[in-house]
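A look at the structure
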Amino acid sequence: MTRNGLLAARLVAGFLALFMAAYFATDNFGGASVRRLDNPFLLPDLLILVLLAVSAALPRRLAAPALIFSLAWSAAVWATSLAHWLVDGEVGRGLGHLALVLPAVLAAAAAAVSTRQEPTDP
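The paragraphs below set out a description of the structure included in this document. (Residues numbered from 1 in each chain as written. Predicted model: local features only at pLDDT ≥ 70, side-chain atom pairs only at ≥ 80, totals over all residues. Heavy atoms only, no water.)

1. As for the packing of aromatic side chains
- Tallied over the full model, the rule gives two aromatic pairs.
- Between Y23 and F24, the ring centres sit 5.4 Å apart and the planes meet at 75°, which makes this aromatic pair edge-to-face. (Phe/Tyr/Trp six-rings, centres within 6.5 Å; stacked < 30°, edge-to-face > 60°.)

2. Focus on the side chain of D27
- Considering the arrangement of structural elements, one finds D27 in the loop between α1 (2-25) and α2 (42-57).
- At a separation of 2.8 Å, a polar atom in the side chain of D27 contacts the main-chain amide nitrogen of V34.
- Setting aside its immediate chain neighbours within four residues, D27 contacts A32, S33, V34 and R35. (Helix = DSSP H or I, 4+ residues; strand = E, 2+ residues; numbered from the N terminus. Polar contact = N/O pair within 3.5 Å; in protein donor to acceptor, adjacent residues only side chain to side chain. Contact = heavy atoms within 4.5 Å.)

3. Some points on the pattern of salt bridges
- According to the stated counting rule, one finds two salt bridges in the structure shown.
- Two residues, R36 and D38, come together in a salt bridge whose shortest N-O distance is 2.7 Å.
- Judged by its relative accessible area of 33%, R36 falls in the partly exposed class. (Salt bridge = Lys/Arg side-chain N within 4 Å of Asp/Glu carboxyl O. Buried < 20%, exposed > 50% of the residue type's maximum accessible area, 1.4 Å probe, protein only.)

4. Describing a nonpolar patch on the surface
- On the surface, L86, V91, L95, L98 and L102 cluster together into a nonpolar patch covering about 400 Å² of accessible area.
- If you trace the backbone, V91 turns up in helix α4 (residues 91-95). (Patch = residues over 30% accessible without salt bridge, like charges linked within 9 Å, V, L, I, M, F, W, Y side chains within 5 Å. Areas by Shrake-Rupley, 256 points an atom, 1.4 Å probe, with all protein chains shown as cover.)

5. Structural notes on the packing of α2 against helix α3 (residues 60-87)
- Two elements in contact, α2 and α3, have axes separated by 9 Å at closest approach and are oriented at 155°. One way to sum up the angle between α2 and α3 is to call them roughly antiparallel. Along this stretch, α2 crosses α3, giving a crossing that reads as left-handed. The residues of α3 that touch α2, namely those facing P44, D45, L47, I48, L51, L52, S55 and A56, are A63, A66, L67, F69, S70, L71, W73, S74, V77 and W78.
- Across the contact of α2 with α3, the residue classes break down as 14 nonpolar, three polar and one charged. (Axes fitted to C-alpha atoms, helices over the stretch in contact; angles between N-to-C directions. Parallel < 35°, antiparallel > 145°, perpendicular 65-115°, else oblique. Left-handed = near helix turned anticlockwise from the far one by under 90°. Nonpolar A, V, L, I, M, F, W, Y, C, P; charged D, E, K, R; others polar.)

As structure tokens, then:
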């Protein structure tokens, strides 16, 4: 289970990093421009991309804590964005963020479980 949890977290992080790369490459998939300096989510979204990509590629010993941090960071940023859209009354746009938040939270939990040490007999 330990290796499978870490592998699952790596795969989710890699997929979410690719999603964010496409998000930036297509400038919000052709929607409102995100590559503007007045976009309050520009830096957090860029950090999501970098943190997820780097943590997914790290060696096993470093990967678990890095994945936990980067997936939690991502979930927090996306949850904040979700709240932003809900407050603005654009429920449809906001709820799409759940497709990002939920896998990030579940993958962070899988990475955390992968770090669990089995108790040893005294």
